Amino acid sequence: DGDGLEESRVQLDAALAQRLRQQARQLGVSAASLCHLAWAQVLARVANRSDVVFGTVLFGRMQGGEGAERMMGLLINTLPLRVKIDAQGAAASVQRTHALLVELMEHEHASLALAQRASAIAAPQPLFSALLNYRHSTPSAATPAEQAAWEGITRISGEERSNYPLSLSIDDLGSGFTLTAQVTPAVGAQRVCSFMTTALERLVAALEMTPERSINSIDVLPATERHQIVRSWNAAQPGYPEQLLPQLFEAQAAKTPQAVAVVHGAEQLSYDELNRQANRLAHYLRELGIQPDDRVAICVERGLSMVVGLLAVLKAGAAYVPLDPAYPADRLAHMLNDSAPRVVLTQAGIEGGWQQVRATITVGLPVLDLQAPAWNAYPDHNPDSSHLAPSDMAYVIYTSGSTGTPKGVMVEHRNVTRLFAATEAWFHFGAEDVWSLFHSFAFDFSVWEIWGALLHGGRLVVVPLETARSAEDFYRLLCREKVTILNQTPSAFRQLIAAQGSSTKTHQLRHVIFGGEALEPATLVPWYAQNQGCATRLINMYGITETTVHVTYQPIEAADTVRGGVSPIGVRIPDLSVYLLDTQGEPAPVGVPGELYIGGAGVARGYLNRPELTEQRFIPDPFSQEPDARLYKTGDLARWQADGSLVYLGRNDFQVKIRGFRIELGEIETQLASHPAIREAVVIAREDTPGDKRLVAYIVVNEEVDAETLRAHLSLNVPDYMVPAAYVTLDALPLTTNGKLDRKSLPAPDSDAYAVSGYEAPQGETEIALAAIWSALLQIERIGRHDNFFSLGGHSLLAVTLMERMRQQGLQAEVRALFSSPTLAGLAASIGEESRLVEVPANLIPSGCETITPEMLPMVALSSAEIAGIVDNVPGGAANVQDIYPLAPLQEGILFHHLMAKEGDPYLLVGLTSFDTRARLDSYLTALQAV
């Protein structure tokens, strides 16, 4: 959108301009080639990709057009140029760019409309959204007569507008260069000039010093922006004391011994009772030889004994390894074998896979039943902790691995204790707070829930498993127990919102804290509608197990729910550092997606028994002066906003590539969820047929809606290649035991999931034969004569296969027939029609003709009424019409840009000139009319 562009102009340093020209001469290329490559570097940096396409403006006599040498005026055309920013050396990249420009000049007469038709990108999607206009603007010496002609005429101003959101004009003045950027205000014209100046400086320096240096290793991020991202937004904060979890709990138990610490159903323990029970078990574990960094596995059902066991393990000096009994036996067996615990804590009567696993435990490994304690006679005073250190391991939580094998994350005491110290100013947790332990203790959100309550003197309500699985029951528990701190994944909270809507009970929530998956603020609209005037604060906190639960903090207000598209995750926790890096490991500019890397006090020790993976994901921090500082490579994508806050863009593996197009699934999900009939939406790329990857949408609806309606809705907001082929309606999206979306459980779509029209059986041999081909190609059982090939999941690559299969059965048609008539009946009707070469006939309109008839126009098909409409708009009528014919290529380009412009006209250049006398103005106008 070219509306509302801002402009900035800078003069390139004369010394730099001279060096640039010198390098161009040495390489035997034009200075324009260096500028084109530098512009490609800038675009590649802000697009975070290795190749870019932008428009380049061509000036000249348009050698490809017959009679061009007799045409008046300056002839201009714009064509797409594709430049790669890869591992090729800088000098070689300049020469390659020069060759591309020379090759493009061979097509200088081609219109952009023709280029669009020749591409795989269908209008109205533009071929490019950025433009480079390199202009030779060297002033020529004027004769005395020419100088006299311009006396008394002064140019006050001139305005040239681009229809592109990112355009740069370079005026080659012979001695120097002027850069003029016209861009959207959100990007900043001055900022673009700064990027381009930096790109030229560093490209020239590379050509002078290391011409073989790879072009993609030359960073174009200006020094001021780099300092802001790397230093200002990661400014050092005061550290927090390194402490042990059990010591902080013991201090709280001494402070409020009679306060209720943990509740499960009708059972409860005070801080003093919990402390004493945990102490007895801790002394027993010490007697079994437990040492710091030993692991103790714990597989129990939710209840008081679970909390006692976790606390006791920490008091004994070991790290706990939570094993959720709901996990499959194979997963439990792997976690048990990989963690190699010194002791196993469990309980009798656990159903499911644990029984199989427990039977395989090595003889000699102590297995203790928490509900039949053999340590009741042991001391109940706090064990000596003088030999323990905050750097000791506190727990090992297993997360899913990309290979399918869970990996254990080793987290230390100091990682956890500093989390609460660093977030204290935001939450002010206290003894009056009631927390719910909603999540599995094998999910790291439980660390926040359990220790958030117990380190602040709050009450921890352990939610029974059957209650956690029912949103209605859970909401009733929240109200009954007067829970004030609720921690939820967005998926689970959406169900809770619905449960509240059907309940008459009132909650007392003070904070609702989201984590575990991306939050789409628009899904909170029902919450704000149901809780108007409520003091509850909603907080979105991005985080991962490897960086100790939480990384960033973002309050969500009602106004945020109308801003679609991304998940705001806010600012970093003060003792962490956050960097967004591109594929070259360089900081991503503001507004540009990059992969999240997290440093600071929350970074875990690494993966248990996985040194290679630890080395791969926990890397040295190149931005820190601290020895041994590390960054965790998250695999998540985010983007800096201008105020230094972050928005989450999803996993980098949620970015899929289909038929050459890079697609962010979250963008489609956001647009789909904006339809009023949709309550929830998830989009994935499926490859149920080898080699044919398709987008499939899974929806939970508020009201019935068909696939064709959703396709039409999406088509208004995203390109065709981002419109899912199939739409599967579910009663609810499947969730894992941790409350996250379970993508692996999403079913394959059946024929009803595709956007089929009202079924009408194919008619005639051709339609029946075509239907059979479509059915086999699209894997859809029933094809109707009004079904659309592309609505059924077809695309341009499948169209080629379709034509080949048709040819094999003697059904001849050109591929363009499918695009113009994509229904089964429409394509069948076009079969057999032969394309004809265009012949230019003689002009049949005689001189002085007063009435033009359709027969006089062999090059266009117009009715008498349409001809009359044209003639009526011509001064002088039919007698002043020489001929009526289709647009020439350059005219098509002009019309193309005119129709693409939402306001104004990109071919309209505005200038303001003053004349000192009326006579001089009249003389100028007479000359202009003559030209």
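Residues numbered from 1 in each chain as written. Predicted model: local features only at pLDDT ≥ 70, side-chain atom pairs only at ≥ 80, totals over all residues. Heavy atoms only, no water.

The next subject is the overall build of the chain. Counting its regular elements, the chain contains 28 helices and 34 strands. For the chain, the proportion of its 931 residues judged to be buried stands at 50%. When the accessible surface of the chain is split by element, carbon and sulfur atoms take 52% of a total near 43,100 Å². (Helix = DSSP H or I, 4+ residues; strand = E, 2+ residues; numbered from the N terminus. Buried < 20%, exposed > 50% of the residue type's maximum accessible area, 1.4 Å probe, protein only. Areas by Shrake-Rupley, 256 points an atom, 1.4 Å probe, with all protein chains shown as cover.)

Take the side chain of Thr-198 next. Here Thr-198 shows up in helix α6 (residues 189-209). Of the polar contacts made by the side chain of Thr-198, one reaches the backbone oxygen of Ser-194; its length is 2.8 Å. Apart from the residues within four sequence positions on either side, Thr-198 is in contact with Asp-219, Val-220, Leu-221 and Pro-222. (Polar contact = N/O pair within 3.5 Å; in protein donor to acceptor, adjacent residues only side chain to side chain. Contact = heavy atoms within 4.5 Å.)

Turning our eyes to something else, we now look at the packing of aromatic side chains. The geometry of an aromatic ring pair is captured by two quantities: the separation of the ring centres and the angle between the planes. Following the criterion strictly, the structure yields 25 aromatic pairs and no others. Members of the aromatic cluster, each reached through a chain of ring pairs, are Phe-420, Trp-426, Phe-427, Phe-429, Trp-435, Trp-448 and Tyr-553. One Lys or Arg, Arg-331, reaches over the ring of Tyr-327 and ends 5.1 Å from the middle of that ring. (Phe/Tyr/Trp six-rings, centres within 6.5 Å; stacked < 30°, edge-to-face > 60°. Lys NZ or Arg CZ within 6 Å of the ring centre and 35° of its normal.)

Time to look at the pattern of salt bridges. The tally for this structure, following the rule as stated, stands at 31 salt bridges. Where Arg-510 meets Asp-433, a salt bridge forms, and the shortest distance between an N and an O atom there is 2.8 Å. Here Asp-433 lies in the loop between α13 (413-427) and β16 (434-437) and Arg-510 lies in the loop between α17 (490-501) and β19 (511-514), a separation of 77 residues in the sequence. In this structure, the salt-bridge partner of Arg-920 is Asp-916, at a minimum N-O distance of 2.8 Å. Exposure remark for Asp-916: the relative accessible area of 49% places this residue in the partly exposed category. The structure contains a network of salt bridges with shared partners spanning Arg-45, Asp-219, Arg-226, Asp-582 and Glu-586. (Salt bridge = Lys/Arg side-chain N within 4 Å of Asp/Glu carboxyl O.)

Of all residues in the chain, 91% have pLDDT values of 70 or greater, and the mean over the chain is 88. Below a pLDDT of 50 lies the segment residues 61-67, which in the model reaches 15 contacts outside its immediate sequence neighbourhood of four places, other chains included. Segment residues 834-838: pLDDT under 50, and two contacts once partners within four positions in sequence are set aside and those in other chains are kept. (pLDDT = per-residue confidence, 0-100.)

This paragraph deals with the environment of Leu-37. Among the secondary structure elements, Leu-37 is positioned in helix α2 (residues 31-47). Separated by 823 residues in sequence, Leu-37 and Val-860 place their C-alpha atoms 43 Å apart. Ignoring anything within four residues of it in the chain, the contact list for Leu-37 reads Val-83, Ile-85, Ala-90, Ser-93, Val-94, Thr-97, Leu-203 and Ile-215.

Attention now moves to the pairing of strand β17 (residues 459-462). Of the pairings in the sheet, the one linking strand β8 (residues 260-264) to β17 comprises two bridges and is parallel in character. In the strand pairing of β17, Val-263 is matched with Val-461. Examined bridge by bridge, β16 and β17 share four bridges and lie parallel to one another. Bridging from a neighbouring strand, Val-434 pairs with Arg-459 of β17. (Pairing = 2+ DSSP bridges.)

Right, let's talk about the nonpolar core for a bit. Nonpolar side chains tend toward joint burial in soluble globular proteins. Counting 89 residues, the largest nonpolar core has Trp-448 and Trp-451 as the members making the most contacts within it. If one sorts the elements of this core by residue count, helix α10 (residues 304-316) sits on top with 10 residues. In this structure, Trp-448 is in contact with Leu-419, Phe-420, Thr-423, Phe-427, Phe-429, Trp-435, Ala-453, Asn-487, Ile-513, Val-549 and His-550, ignoring residues within four places of it in sequence. In terms of nonpolar packing, the next biggest core, distinct from the first, is built from 64 residues, Ala-40, Leu-58, Leu-203 and Leu-221 among them. (Core = buried A, V, L, I, M, F, W, Y, C linked by side-chain atoms within 4.5 Å.)

Turning to a nonpolar patch on the surface, a few remarks are in order. Together, Trp-150, Tyr-924, Leu-925 and Leu-928 give the surface a local cluster of nonpolar side chains, amounting to about 410 Å² of exposed area. On the accessibility criterion, Leu-925 (36% relative accessible area) is partly exposed. (Patch = residues over 30% accessible without salt bridge, like charges linked within 9 Å, V, L, I, M, F, W, Y side chains within 5 Å.)

Let us now look at the packing of helix α8 (residues 245-255) against helix α9 (residues 271-287). Where α8 contacts α9, the axes come no closer than 8 Å and their chain directions differ by 135°. In this view, α8 runs oblique relative to α9, as classed from their interaxial angle. Remark: the crossing between α8 and α9 carries left-handed chirality. Across the interface between the two elements, Phe-249, Glu-250, Gln-252 and Ala-253 of α8 pack against Tyr-271, Leu-274 and Asn-275 of α9. Residues of the contact of α8 with α9, tallied by class, amount to four nonpolar, two polar and one charged. (Axes fitted to C-alpha atoms, helices over the stretch in contact; angles between N-to-C directions. Parallel < 35°, antiparallel > 145°, perpendicular 65-115°, else oblique. Left-handed = near helix turned anticlockwise from the far one by under 90°. Nonpolar A, V, L, I, M, F, W, Y, C, P; charged D, E, K, R; others polar.)

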